Amino acid sequence: MSTRVGVIRGNGIGPEITEATLRVLEATGIGFEWVPVPIGDEGMEQYGHPLPQEAVKLLKELKLAIKAPLLVDKFKGRMYCEHEDGSVGVYPSLNNAIRRELKLFVDPRPIRGVRGISGRYETMDVHIMREITEDVYSGIEHMIGDVAAECTKLTTREAAVRVAEYGFDYARKNGRKKVTCVHKANAVSMADGLFLSCFREVAAKNPDIPSDDYMVDATAYYLAKCPEKFDVIVASNQYGDILSDLAAGLVGSLGLAPGANVGPDGRIVVEASHGAAPDIAGKGIANPIALILSGALLLRHMGRQDQAARVERAVWRVLEERIALTPDLGGTAFTMDVADAIVRCMDEA
């Protein structure tokens, strides 16, 4: 029986890197049924809304999905989702709405360096656990006339404890050595103070795994200066978003940063950590590695550890031996060239 997986093709480079990712996943020999999910432009065309409840229901039913980047215009990201019971969800962006409508709560973003590409950061191996339900991305903001804007930074005990617990569980299951909490509790003493306090409570219940904490500005400095200080990082929504982009830049490209939005009942929506890059859309030169590695995260979530490792080994070989590199990594290969090279390496393994 084939495994049904939702596919959100996205905008910009989304369709191109999606095609490459599906090509690689199909080469594992696992039988997949790719189920189109109408979100973004497709949602507007079919249902008159970028995130129709029909798409939300489909994703909840499927539980497994791959999402390419979606364009969100500056100043226009705010979204309202009306539910069958008459309630309305208010979200700051389409991406945020997908996560919260599906009750996804953590975005693991494993970022590692590549020999021959990442320079002094080739040994970087940092796994960022980004909380994705609240913080300043909660959509709680308003204008004060035309002279000011006010935004609420939301931190709840439930969300802070949940992401901390996930971080320690992740470390234990993946053989990681340490978990670090990132915060700014010296300046944002209540909201970040609660996040840190909850982390320390969870850390006390997991004495087998060392833990510590750093303020977010110091974390940025040490990621650039001595990234070996970090292993698993637990961070609130905005900090995790920013730090994962920083780490990706240090290892060479946002095109190397995978991600997975994880929720209850086995739900997962994997995605690359980067955006839709409309400036290079349609040119066939987008780097598909981040979404392909996200596909490997999906395989691990499915319990297909051997196949996930097979994909990952092929990716690292293509990168380290410079078999096919896109322009962001100094090469001249096209998107599907990279996918084809990965598949050849999988077949040779």
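Details of the structure are given in the entry above.
Quick caveat, the model's predicted, so the values are computed rather than measured.

Parameters and conventions
Counting restarts for each chain, with residues numbered from 1 along the sequence as it is written. Reporting of local features is limited, given that this is a predicted model, to residues whose pLDDT is at least 70; pairs of side-chain atoms are given and counted only at 80 or more, and all residues count toward the totals for whole chains, interfaces and linings. Based on all heavy atoms of the structure, the side-chain values leave hydrogens and waters out of the count. Each helix is a run of H or I in the DSSP string that is no shorter than four residues. Each strand is a run of E no shorter than two, and both are numbered from the N terminus. The globule rule used here is 2.2 Å times the number of residues to the 0.38 power, and the radius of gyration it is set against is calculated over C-alpha atoms. Whether a residue is buried, partly exposed or exposed follows from its accessible area with a 1.4 Å probe, protein chains only, as a fraction of its type maximum: under 20%, in between, or over 50%, in that order. Paired strands are those between which DSSP finds at least two bridges. Note on aromatic pairs: the rings of Phe, Tyr and Trp (six-membered ring only in Trp) are paired at centre separations within 6.5 Å, and the planes decide the class, stacked below 30 degrees, edge-to-face beyond 60, tilted for the rest. Cation placement over rings: the criterion is NZ of Lys or CZ of Arg within 6 Å of the ring centroid and within 35° of the ring normal. Here a polar contact means two N or O atoms within 3.5 Å. Within protein one must be a hydrogen donor candidate and the other an acceptor candidate, and residues neighboring in sequence count only if both atoms are side-chain atoms. For this analysis, residues touch if any pair of their heavy atoms sits within 4.5 Å. Here, axes are lines fitted to C-alpha atoms. For helices the fit covers the stretch in contact, and angles between N-to-C directions go from 0 to 180 degrees. Each angle is binned into one of four classes, with values under 35 degrees roughly parallel, values over 145 roughly antiparallel, values of 65 to 115 roughly perpendicular, and all other values oblique. Should the near helix be turned anticlockwise from the far one by less than a right angle, the crossing is termed left-handed; should it be turned clockwise, right-handed.

A. Here's a closer look at the overall build of the protein. Secondary structure summary: the protein contains 11 helices and 14 strands in total. What you see for the protein is a C-alpha radius of gyration of 20 Å, in line with the 20 Å of a compact globule of 349 residues. Principal-axis analysis of the C-alpha atoms places the extent of the protein at approximately 55 × 50 × 40 Å. Counting all 349 residues of the protein, 55% fall into the buried class.

B. Summary view of the pairing of strand S3 (residues 64–67). The two faces of S3 match: Leu64 and Ile66 on one face and Ala65 and Lys67 on the other face are all buried. The pairing of strand S1 (residues 3–8) with S3 spans three bridges and is classified as parallel. Note on S3: the bridge partner recorded for Gly6 is Ala65. Here four bridges tie S3 to strand S14 (residues 268–272), and the two strands are oriented parallel to one another. Each residue of the ladder has a partner; that of Lys67, found in S14, is Glu271.

C. Spatial organisation of the packing of aromatic side chains. Overall, the coordinates contain seven aromatic pairs when judged by the stated rule. Ring geometry for Phe105 versus Tyr166: centroids 6.0 Å apart, planes at 85 degrees, classification edge-to-face. You can see Phe105 sitting in the loop between helix H4 (94–101) and strand S6 (106–112) and its partner Tyr166 sitting in helix H5 (residues 157–173), a full 61 residues away along the chain. On the accessibility criterion, Phe105 (12% relative accessible area) is buried. Measuring from centroid to centroid gives 5.7 Å for Tyr214 and Tyr222, while their planes differ by 70 degrees, and the two rings are edge-to-face. Put simply, the rings of Tyr214, Tyr221, Tyr222 and Phe230 touch in pairs and so form one group of aromatic residues. The ring of Tyr222 has Lys229 sitting right over it, with the charged end atom 4.7 Å from the ring centre.

D. Here's a closer look at the side chain of Thr28. Following the sequence through the fold, Thr28 ends up in the loop between helix H1 (14–26) and strand S2 (32–36). For Thr28, the side chain forms a polar contact with the main-chain oxygen of Leu25, separated by 2.6 Å. For Thr28, the contacting residues outside a window of four places in its chain are Leu299, Gln307, Arg310, Val311 and Met346.

E. Seen up close, the environment of Ala220. Relative to the helices and strands, Ala220 resides in helix H7 (residues 216–225). In sequence terms Ala220 and Ile242 are 22 residues apart; their C-alpha atoms lie 9.2 Å from each other. When near neighbours in sequence (up to four residues on either side) are disregarded, Ala220 contacts Leu243 and Leu246.

F. Examining the environment of His49 more closely. Within the secondary structure layout, His49 lies in the loop between helix H2 (41–47) and helix H3 (53–62). The spacing of His49 and Met79 is 30 residues in sequence and 9.7 Å in space, taken between C-alpha atoms. Ignoring anything within four residues of it in the chain, the contact list for His49 reads Gly43, Met44, Met79, Tyr80 and Cys81. Within the structure, His49 has its side chain in polar contact with the backbone nitrogen of Leu51 (distance 2.9 Å). Within polar-contact distance, the side chain of His49 engages the backbone oxygen of Tyr80 at 2.8 Å.

G. Molecular detail of unusual backbone geometry. For Lys103, which is not a glycine, the phi torsion comes out positive at approximately 60 degrees. Residue classification places Lys103 among the exposed residues on the basis of a relative accessible area of 55%. A positive phi angle is found at Asp265, which is not glycine, with a value near 60 degrees. Considering the arrangement of structural elements, one finds Asp265 in the loop between strand S13 (258–262) and S14.

H. Region of interest: the packing of H1 against helix H9 (residues 289–301). Where H1 contacts H9, the two axes come as close as 9 Å, and the packing angle between them is 45 degrees. As the angle between them shows, H1 and H9 are arranged oblique. Crossing of H1 over H9 shows right-handed handedness. Every residue of H9 that contacts H1 at Ile17, Thr18, Ala20, Thr21, Val24 and Leu25 is listed here: Leu291, Ile292, Gly295 and Leu299.

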